[in-house]
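The primary structure of each chain is shown beneath.
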Amino acid sequence: AAEAKEKEAAAAEGTSAEEEEEGSSFSARVALLLRDIDVLLFFAVVLCMGLMTGLIQSFLLVFLGPVEDGGVFRESDTIEVKVPFSFFLRSVSSSESSSQGFVLTASSLQGAVLAANCAAEVPLMAASGWIIERMGKGRVLGAASLVLAARLAFYALLAHSHSSSSSSSSSSSSSGDGGSGGLSPWLVLPVETLHGFGFGVAWIAVCGAGRDLAPPSLRATVQGLVQGIWFGLGPTLACLVGGRVYQ
C-alpha cells in the first residue's frame, strides 16, 4: 500500500512537472513567434484593416443620417417613388391624393447600404479561393487595404462636398441665388459594393496568411490573435479615435 501511494505521488509530481514544462514551452514559442518581423508586420496590417473596418461600421450609418442629426442626408435628397398600383401604400404627397407611392429617406439609404454590403460580400467570399489563388494572399491584403482607404476617402469627399454646398447656400441665400447641392449621399451605394472585396475576400486571405505564418503548434493561437486584433483592438481604437475625428 505504501509503495502504491509513493507511485501515485511520483506520477502526480511527474504530471505537474510536464504541465509546467509544457506551459513554459508554450510561452517561449509565443515569445519567439512575436519576435518574427514578418508576423509583426502581418499583425500591423490586420490592425490597420480592423481600424478602417471599425471606423466604417461604427460611423457610416450615423454619417448618412439626416442633417439635423449630424448626418449628410438633406430633405432634398429624399426620393419619391410613385407607383399607380400601390393603393395599399401611403400617399407621397398630401396635396395629391391620387399620387400613390413611397418615399426613400435617410433610413432607406442606411438599409440599402447594409443590403449592398451583404449582396457584394456573399458571392465574393464564395469566390475568394479562386481570387486568392490567382492574386496571392499578400496582394489581396494590399488591394483590400487600398479598397478600405478608398471608401474612407469617398466619405471624406462627400462630407467636404456637403460642407462646401452649405457654405455656398448660406452666402447665396443672402443674395437671392440658390446654392449648389453637393454630391448626393445615394452615390455611396455603388461604393459600398467594395465591401465584398475589402472584407469578404480579405478576411479569408487574412486567415490563410495567419495559418501560413504560424508554426503548427501555434496555429489556433495565431487565429485567436487575428480575431482579437481585427474585431477587438481595431474597432476599439476606431471608436476612441474615430469619434473624436468625426466630431
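Our subject is the structure listed above.
Below: a short report on this structure. Bear in mind that the values here come from a model prediction, so they are computed numbers and not experimental data. Just so you know, the residues in each chain are numbered from 1, in the order the chain's sequence is written. In keeping with the predicted nature of the model, local features appear solely for residues at pLDDT of at least 70, side-chain atom pairs appear and are counted solely at 80 or more, and the whole-chain, interface and lining totals rest on all residues. Based on all heavy atoms of the structure, the side-chain values leave hydrogens and waters out of the count.

## Focus: the overall build of the protein
Threshold: Strands here are runs of E lasting at least two residues and helices are runs of H or I lasting at least four, both read from the DSSP assignment and numbered beginning at the N terminus. Note on exposure labels: buried denotes an accessible area under 20% of the residue type's maximum, exposed denotes more than 50%, and partly exposed covers the range between, all computed with a 1.4 Å probe on protein chains only. Calculation of accessible area relied on Shrake-Rupley with a 1.4 Å probe; when residues are assessed, cover is drawn exclusively from the protein chains displayed.
Counting its regular elements, the protein contains 8 helices and 2 strands. Starting at the N terminus and ending at the C terminus, the protein contains elements arranged as α-α-β-β-α-α-α-α-α-α. Across the 247 residues in the protein, those meeting the buried criterion constitute 34%. If you sum the accessible surface of the protein, you get close to 14,200 Å²; carbon and sulfur atoms cover 63% of it.

## Examining the packing of aromatic side chains
Aromatic ring pairs are defined here through the distance separating the ring centres and the angle between the ring planes. Cut-off, in case you're wondering: Ring geometry is summarised as follows: Phe, Tyr and Trp rings, the Trp one being its six-membered ring, pair when their centres sit within 6.5 Å, and such pairs are stacked at plane angles under 30 degrees, edge-to-face over 60 and tilted between the two.
Per the counting criterion, the structure on display carries 8 aromatic pairs. Ring centres of F63 and Y155 lie 6.4 Å apart, and the angle between their planes is 55°; this geometry places the pair in the tilted category. With F63 in helix α2 (residues 37-63) and Y155 in helix α5 (residues 137-175), this pair connects stretches of sequence that are 92 residues apart. Take F63 and Y155: they sit in the same class, and that class is buried.

## A closer look at a nonpolar patch on the surface
Here is the rule: Exposure above 30% relative accessible area and the lack of any salt bridge qualify a residue for a patch; like charges then connect within 9 Å, and the nonpolar side chains Val, Leu, Ile, Met, Phe, Trp and Tyr within 5 Å. Salt bridge criterion: a side-chain nitrogen from Lys or Arg within 4 Å of a carboxyl oxygen from Asp or Glu.
Taken together, the side chains of L34, I37, L40, L41 and L225 define a hydrophobic patch exposed on the protein surface, amounting to about 420 Å² of accessible area. At 3 residues, α2 tops the list of elements feeding residues into the nonpolar patch. Positionally, L225 belongs in helix α8 (residues 219-246). Judged by relative accessible area, which is 33%, L225 ranks as partly exposed.

## Things to note about α2
For an α-helix, the turn length of 3.6 residues means that residues three or four places apart are oriented alike. Quick reminder of the rule: What a helix should span is 1.5 Å times the count of its residues minus one. Two axes define the bend at a residue: one fitted to the seven residues ending there, one fitted to the seven starting there, and the bend is the angle between them.
Between its first and last C-alpha atoms α2 spans 38 Å; for 27 residues at 1.5 Å apiece the expected length is 39 Å, and the two agree. Residue Q57 marks the point of greatest curvature in α2, where the axis turns by about 30°.

## A word on helix α7 (residues 195-213)
If you check α7, its first and last C-alpha atoms are 26 Å apart, about what 19 residues at 1.5 Å a residue would give, namely 27 Å. If you look at α7, its biggest bend is around 35°, right at A202. Judged by how many residues are buried, α7 sits mostly within the fold: 14 of 19 residues are covered.

## Points about the packing of helix α4 (residues 128-135) against α7
What counts here: Fitting a line to C-alpha atoms yields each axis, with helices limited to the stretch in contact; the angle taken between N-to-C directions then spans 0 to 180 degrees. An angle below 35 degrees is read as roughly parallel, one above 145 as roughly antiparallel, one from 65 to 115 as roughly perpendicular, and any other as oblique. Contacts between residues were defined by any pair of non-hydrogen atoms, one from each residue, lying within 4.5 Å. Note that Gly is not counted as nonpolar here; it falls among the polar residues with everything else outside the nonpolar set of Ala, Val, Leu, Ile, Met, Phe, Trp, Tyr, Cys and Pro and the charged set of Asp, Glu, Lys and Arg.
α7 packs onto α4 with a crossing angle of 70° between their chain directions and a minimal axis gap of 10 Å. It follows that α4 is roughly perpendicular to α7 by the angle criterion. Along its contact with α4, which presents S128, I131, I132 and M135, the element α7 presents F197, V201, I204 and A205. Residues that form the contact of α4 with α7 fall into these classes: 7 nonpolar, 1 polar and no charged.

## A closer look at the environment of L183
Here L183 lies in the loop between α5 and α6 (188-192). Remark: the alpha-carbon pair of L183 and H160, spanning 23 residues in sequence, is separated by 9.2 Å.

## Focus on the layout of surface pockets
Spelled out, the test is: Cavity and pocket criteria rest on a 1 Å grid covering protein atoms alone: a 1.4 Å probe that fits but cannot get out defines a cavity, protein on both sides within 12 Å along at least 5 of 7 lines defines an open pocket, and an atom within 4 Å of a point defines a lining residue. Grid points are joined across faces, edges and corners, and a volume is the space filled by probe spheres set on the points.
Of the volumes computed, that of the largest pocket is approximately 330 Å³. Around the largest pocket, the lining residues are L55, I56, F59, L60, F63, L152, Y155, A156, A159, G242, V245 and Y246. Secondary structure elements with two or more residues in the lining of the largest pocket: α2, α5 and α8. For the lining of the largest pocket, the element with the highest residue contribution is α2, accounting for 5 residues. Here the lining of the largest pocket is built from residues that sort into 11 nonpolar, 1 polar and no charged.

## Structural notes on the environment of T221
Relative to the elements of secondary structure, T221 occurs in helix α8. T221 sits in the partly exposed class, given a relative accessible area of 24%. Considered as a pair, T221 and R211 are 10 residues apart in the sequence and their alpha carbons are 9.9 Å apart.

## Some points on the side chain of D77
Topologically, D77 is positioned in the loop between α2 and β1 (79-82). Beyond its immediate chain neighbours, meaning those up to four positions away, D77 contacts V72, H162, S184, P185 and W186.

## A word on the nonpolar core
Side chains that are nonpolar tend, in soluble globular proteins, to be buried together. Spelled out, the test is: Here, nonpolar core refers to any group of buried Ala, Val, Leu, Ile, Met, Phe, Trp, Tyr and Cys residues whose side-chain atoms link them within 4.5 Å.
Ranked by size, the top nonpolar core spans 44 residues in total, and within it F42, L64, V206, V226 and W230 carry the most contacts. Put simply, the parts of the chain that give this core at least two residues each are α1 (2-33), α2, α3 (106-126), α4, α5, α6, α7 and α8. Residue contributions to this core peak at 9 residues, all from α2. Contacts of L64, omitting those with residues within four sequence positions, involve V72, F73, A106, L109, Q110, V113, L158, P185 and V188.

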